[in-house]
Amino acid sequence: TFFKLADTSKLLPRPDGGIRDDRPFPKRGIIYTKRAGFVDLAHVFNTVLRANDASNAVATGLRQDQNLIRLRTFEDSEVSILFSSSPVGSEIAGVDSEQRIQAVSRMTGECIAYELGTWHEIITWFGYKTTGVWSEKPSAFTYEDMVSHLVGVQVFEAIPGEPDRAKFGSALRRVLANLGLVDKKSASKAVYSVKGLWWGPLLYTRRMLDIGEKDGL
């Protein structure tokens, strides 16, 4: 996590609440919300992309009656999904097979995206370098990472059909509005209110998850 406050003026939804919004928006930076606290936009954006990729791969596999579906390699890790039985095999009144496939694949994609976000934090904590140059351990499991992945799942849920820039921007703005997005000045106040508690001279000092490294759990 590279800390930089994002310009929130472009993250406010239009008054009409339209589904499509072609305005540009920041894809990196930290924001602050009243209900979710600090959120990293880069993690939100990456989670949406992972959810969409996984959803499409699962949908393709289910259309081919596959129970074992292999996804693309994620940070040198092999990712596979095994369904013990066909999740779209039983008849559901009023819902055709393709609708069931879409529903199952999107829910599965959301779960996978969240799990991959957690896996990224785990492997970087133990030394994996996505750039191959410097360690990312200092930024692993920081206080905004996990909640940002969850916000990313919410944004993906709010996107109708295949995501594009306009749909993503509209969904992101609606989700952030519901979470109580504050302006950049207020976000700065929130940052400095936890100085020395959550971050300090050694960057981040608060982690959001106990992975049992020292307690054996």
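As the structure is a computational prediction, the values presented were derived from the model and not from experiment. (Residues numbered from 1 in each chain as written. Predicted model: local features only at pLDDT ≥ 70, side-chain atom pairs only at ≥ 80, totals over all residues. Heavy atoms only, no water.)

Moving on: the overall build of the protein chain. Of regular secondary structure, the protein chain possesses five helices and six strands. Secondary structure elements in the protein chain, listed N-terminal to C-terminal, are β-β-α-β-β-α-α-α-α-β-β. Relative to its full complement of 217 residues, the protein chain shows a buried share of 45%. Across the protein chain, contacts joining residues at least 24 apart in sequence account for 67% of those joining residues at least 6 apart. (Helix = DSSP H or I, 4+ residues; strand = E, 2+ residues; numbered from the N terminus. Buried < 20%, exposed > 50% of the residue type's maximum accessible area, 1.4 Å probe, protein only. Contact = heavy atoms within 4.5 Å.)

This brings us to the environment of Arg 23. Tracing the backbone shows Arg 23 in the segment before strand 1 (30–33). Distance in space between the C-alpha atoms of Arg 23 and Arg 165 is 9.0 Å, their sequence separation being 142 residues. Those residues in contact with Arg 23 that lie beyond four places of it in its chain are Leu 12, Pro 13, Arg 14 and Arg 173.

A word on the layout of surface pockets. By volume, the second largest pocket amounts to about 210 Å³. Among the elements that make up the lining of the second largest pocket, the one with the highest residue count is helix 1 (residues 41–63) (six residues). A per-class count over the lining of the second largest pocket returns seven nonpolar, two polar and three charged. (1 Å grid on protein atoms, 1.4 Å probe; cavity = no way out; pocket = protein on both sides within 12 Å on 5 of 7 lines; lining within 4 Å. Points joined across faces, edges and corners; volume = space filled by probe spheres on them. Nonpolar A, V, L, I, M, F, W, Y, C, P; charged D, E, K, R; others polar.)

Looking now at the packing of helix 1 against helix 3 (residues 145–157). The geometry of helix 1 relative to helix 3 is characterised by a closest axis approach of 8 Å and an angle of 50° between their N-to-C directions. On the basis of the axis angle, helix 1 is oblique to helix 3. In the crossing of helix 1 with helix 3, the sense of the turn from one axis to the other is right-handed. Within the contact between the two elements, helix 1 uses His 43, Val 44, Thr 47, Val 48, Ala 51, Asn 52 and Ser 55 and helix 3 uses Asp 145, Ser 148, His 149, Val 151, Gly 152, Val 153, Val 155 and Phe 156. For the contact of helix 1 with helix 3, the class distribution of residues is seven nonpolar, seven polar and one charged. (Axes fitted to C-alpha atoms, helices over the stretch in contact; angles between N-to-C directions. Parallel < 35°, antiparallel > 145°, perpendicular 65-115°, else oblique. Left-handed = near helix turned anticlockwise from the far one by under 90°.)

This brings us to unusual backbone geometry. In this structure, Glu 75 is a non-glycine residue whose phi angle is positive, near 50°. Mapped onto the elements of the fold, Glu 75 is located in the loop between strand 3 (68–70) and strand 4 (80–82). The buried category is assigned to Glu 75, whose relative accessible area is 18%.

The next subject is the pattern of salt bridges. Taken as a whole and assessed by the stated rule, the structure comprises one salt bridge. The partner of Glu 98 in a salt bridge is Arg 63, and the shortest N-O contact between them spans 2.7 Å. Separated by 35 residues along the polypeptide, Glu 98 in helix 2 (residues 97–125) and Arg 63 in helix 1 bring together distant segments of the chain. Residue Glu 98 is classed as partly exposed on the basis of its relative accessible area, which comes to 35%. Judged by relative accessible area, Arg 63 falls into the partly exposed class, the value being 43%. (Salt bridge = Lys/Arg side-chain N within 4 Å of Asp/Glu carboxyl O.)

Any two packed helices are characterised by how steeply their axes cross, that is the angle between the axes, and by the distance between the axes. Where helix 3 meets helix 4 (residues 165–179), the axes come as close as 8 Å, and the angle between the chain directions of the two elements is 125°. Between helix 3 and helix 4, the angle falls in the class oblique. The hand of the helix 3/helix 4 crossing is right-handed. Counting all contacts with helix 3, which are made through Val 151, Gln 154 and Val 155, the residues of helix 4 involved are Phe 168, Ala 171, Leu 172, Val 175 and Leu 179.

Quick look at the nonpolar core now. The nonpolar side chains of soluble globular proteins are, as a tendency, buried together. Core analysis: the biggest nonpolar cluster contains 23 residues, and Leu 11, Ile 31, Val 151, Val 155, Phe 168 and Leu 172 have the highest contact counts within it. For this core, the secondary-structure elements that each account for two or more residues are helix 1, helix 3 and helix 4. Among the elements that make up this core, the one with the highest residue count is helix 4 (six residues). Excluding residues within four positions of it along the chain, Phe 168 makes contact with Phe 25, Phe 45, Val 48, Val 155 and Ile 159. Of all hydrophobic cores here, the second largest spans 15 residues; its members include Val 58, Leu 62, Leu 71 and Val 79. (Core = buried A, V, L, I, M, F, W, Y, C linked by side-chain atoms within 4.5 Å.)

This part takes up the packing of aromatic side chains. Applying the stated rule across the entire model yields four aromatic pairs. Geometrically, the ring pair formed by Phe 45 and Phe 168 is edge-to-face, given 5.3 Å between the ring centres and 90° between the ring planes. Of the two residues, Phe 45 sits in helix 1 while Phe 168 sits in helix 4, which places them 123 residues apart along the sequence. Here the two residues Phe 45 and Phe 168 agree in accessibility, since each one is buried. Linked through ring pairs, Phe 25, Phe 45 and Phe 168 together constitute an aromatic cluster. Here the guanidinium or amino end of Arg 106 rests over the ring plane of Phe 156, the centre of that ring lying 4.2 Å away. Its end group placed over the ring of Trp 125, Lys 137 keeps NZ or CZ at 4.6 Å from the ring centre. (Phe/Tyr/Trp six-rings, centres within 6.5 Å; stacked < 30°, edge-to-face > 60°. Lys NZ or Arg CZ within 6 Å of the ring centre and 35° of its normal.)

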